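# Breakdown of the fold
The primary structure of each chain is shown beneath.
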Amino acid sequence: MLVLVVDSSTPAVTAALADVSADGVVLRASRCTVDARAHGELLAPQVDAALADVGARPADLGAIVAGLGPGPFTGLRVGLVTAATMGQVLGVPTYGVCSLDGLGQPAAASHPAAAGHSAAAGELVLAASDARRREVYWAVYDGAGQRVAGPDVAAPAVVAERARDLAVTVAVGDGAQRYADVLGLPLRAEPRYPDPLALARLAAERIRAGAPGEALTPLYLRRPDAVAATGHKPVLR
Amino acid sequence: MADEPLILGIETSCDETGVGIVRGHTLLADALASSVEEHARFGGVVPEVASRAHLEAIVPTMDRALREAGVTIADIDAIAVTSGPGLAGALLVGVAAAKGYAVAAEKPVYGVNHLAAHVAVDTLEHGPLPEPAIALLVSGGHSSLLRVDDLARGVVPLGATIDDAAGEAFDKVARLLGLPFPGGPYIDREARAGDPASIAFPRGLTAAKDLVGHRFDFSFSGLKTAVARWVEARQRAGEPVPVADVAASFQEAVCDVLVGKALDACRSSGIDTLVIGGGVAANSRLRAMAEQRAAKHGVRVRTPRPKLCTDNGAMVAALGSHLVAAGVAPSRLDLPADSAMPLTVVSV
Ligand SMILES: [Zn+2]
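Residues numbered from 1 in each chain as written. Chains lettered and ligands numbered in written order. Predicted model: local features only at pLDDT ≥ 70, side-chain atom pairs only at ≥ 80, totals over all residues. Heavy atoms only, no water.

### Details of the interface of chain B and chain A
Selection rule: Any two residues having at least one pair of non-hydrogen atoms within 4.5 Å are treated as being in contact. Take the accessible area each of two parts loses on contact, using a 1.4 Å probe, and add the two losses: that sum is the buried area. Should a side-chain nitrogen of Lys or Arg be within 4 Å of a carboxyl oxygen of Asp or Glu, the pair is scored as a salt bridge. In the analysis that follows, any N or O atom pair within 3.5 Å is treated as a polar contact, provided that within protein one partner can donate a hydrogen and the other can accept it, and provided that, for residues neighboring in sequence, both atoms belong to side chains. Helix numbers and strand numbers start at the N terminus; a helix is a DSSP run of H or I with at least 4 residues, a strand a run of E with at least 2. Ten residues, namely Ala, Val, Leu, Ile, Met, Phe, Trp, Tyr, Cys and Pro, are considered nonpolar, four, namely Asp, Glu, Lys and Arg, are considered charged, and the remaining ones, Gly among them, are considered polar.
On the side of chain A, 38 residues touch chain B, which itself brings 37 residues to the contact. In total, chain B and chain A occlude about 3,100 Å² of area from one another, counting both sides; carbon and sulfur atoms represent 69% of this. For the pair chain B and chain A, the interface holds two salt bridges. Note that B:Glu48 and A:Arg77 form a salt bridge whose closest N and O atoms lie 2.9 Å from each other. Across the contact surface, chain B and chain A share seven residue pairs in polar contact (both at pLDDT 80 or more). Contributing elements (two or more residues each) for the side of chain B that touches chain A: α2 (47-69), α3 (88-105), α6 (166-176) and α9 (221-236) of chain B. Looking at the side of chain B that touches chain A element by element, the count peaks at eleven residues for α3(B). Split by residue class, the side of chain B that touches chain A holds 22 nonpolar, five polar and ten charged.

Following this line, the structure appears as structure tokens:
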């Protein structure tokens, strides 16, 4: 089944197509552009381009997988609203996946490309993306790729302490790279941004089972900045 | 009629999630979800709260609109969406949604100007717009006077507020009087029992010296301050505040300036059609005063019914319909949301 994968939780705007079958999950096309301020401009043309890459039409899609974040809100919403509206028109289920899982899962699990670097059994991986405002979105994964802490948002120094407490030994993601000096952990170079193949794999069981789709609710983790209007200030002195 | 294009419009520039469907000039559906109650305790629209609400509301609102019109998305000929001006994060949800619909249903998409849509919506009520026309657009986010020579190609800004929007002044004065947000409807209601001539509040930018550089511009911040001073002086003197009289006198001052300048624009350009749109155009005194004074000058006022004056999807669909009929090319799929979209740009 042809599945569209979108993620806009980081500066990387990703649209990919994966084939999900009983045998496994294969990436058919992937379009990714790194630009923190153009999610709205980039994503739809990339979905179009990915479809053209494999000679498919939107109606050929059987499901849509979207990274739910956490991520900077404005960009994150672009991916989710794109997935939700396309799912509505096509009448196909939409599945949400934690975007940090798209970093931590492939980094932790054995991966040929990461031979020699893959996390040994029991080794813990910190996945961190840039949350702006000098904070990171983070989660911790065990050697099997299971999330064991997070997702949450915190200052890098706070995350470093949590990582030490949990005996994390390696970090991955653009947030980890940006704050490498504070985190003090060896870095895994890839994936720097949520990996679309991993996101598709994380939803594969639900896709194969034909599980009902879900409303795509962002993992905001932060409350909106809403300053209550102050009382009337006197103008007379 | 059935051969006229079927156009879907999406609006998310502020706190209303709107999806409208029109065929030609005929309104088929106007579905709306509002986050206004979530903003009330803040006394103004909180952008992030609005953006979150748009994301939650867009799919169900689209469902409602399609049901109401009795069509499917496959029947739609083109999708129009507000691409600006407005709140950046809020606009982006609508623009991304329009693209999602456009890509999935393989339809063209038009990114359109919110203010031009406020003008276009009148065609759903009164048919094709005589051009040229003068348009007065007044809401919580904008107060503009413009000349519409060709709604499909561009409008000419004549003037705008130099400080607060008219609707903002209503909100602030309402708060001052202990009335809820948004203030417009409450001021309107209170004012009915008040004497509009009881307090002489200032008319901003109407003095001879201001008319030189700001003939068609507005200013409401001085008026708001004058109301605040007046109310405070009463309170300090331990006297009750005559809410109805203050509301009526304040409303009279706002409407007097808006109508006066709009008719001056008509007179100076020899244009005899005035379109009034935006949320403040739902104000009953503004509507009545405009009708009354325009008649004296031989100007015909076109004001859509109140529900079409406030932000909605139908106005975007109406403008989209106008653009399709005029043969304007659709936007590219990488069209941006532009929070500061200039008035001179009707579609991108
Ligand atoms: Zn408006």
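Picking up where we left off.
### Considering the coordination of the zinc ion
Residues and elements named next belong to chain B. The criterion, for reference: Coordinating N, O and S atoms are those within 2.8 Å of the metal (3.2 Å for Na, K and Ca), and as water is not part of the atoms, a site may appear to have fewer donors than expected. Here the metal geometry follows the donor angles, with tetrahedral for four donors whose angles all fall between 85 and 135 degrees, square planar for four and octahedral for six when opposite donors are more than 155 degrees apart and every other angle is between 65 and 115, and irregular for all the rest. Burial classification: accessible surface area is computed with a 1.4 Å probe over protein chains only, and a residue below 20% of its type maximum counts as buried, one above 50% as exposed, and the rest as partly exposed.
Around the zinc ion, the donor atoms from the protein are His114 (NE2), His118 (NE2), His142 (NE2) and Asp311 (OD), and they sit 2.1 to 2.6 Å away. Every donor counted, the four donor atoms about the zinc ion form angles of 87 to 163 degrees at the centre, which fits irregular coordination. Counting gaps between the donor residues of the zinc ion yields the pattern H-x3-H-x23-H-x168-D. Highlighted residues: His118 in helix α4 (residues 114-120) and Asp311 in the loop between α12 (306-309) and α13 (313-325), separated in sequence by 193 residues. Judged by relative accessible area, which is 14%, Asp311 ranks as buried.

Read these as layout, nothing more, since geometry by itself doesn't imply function.
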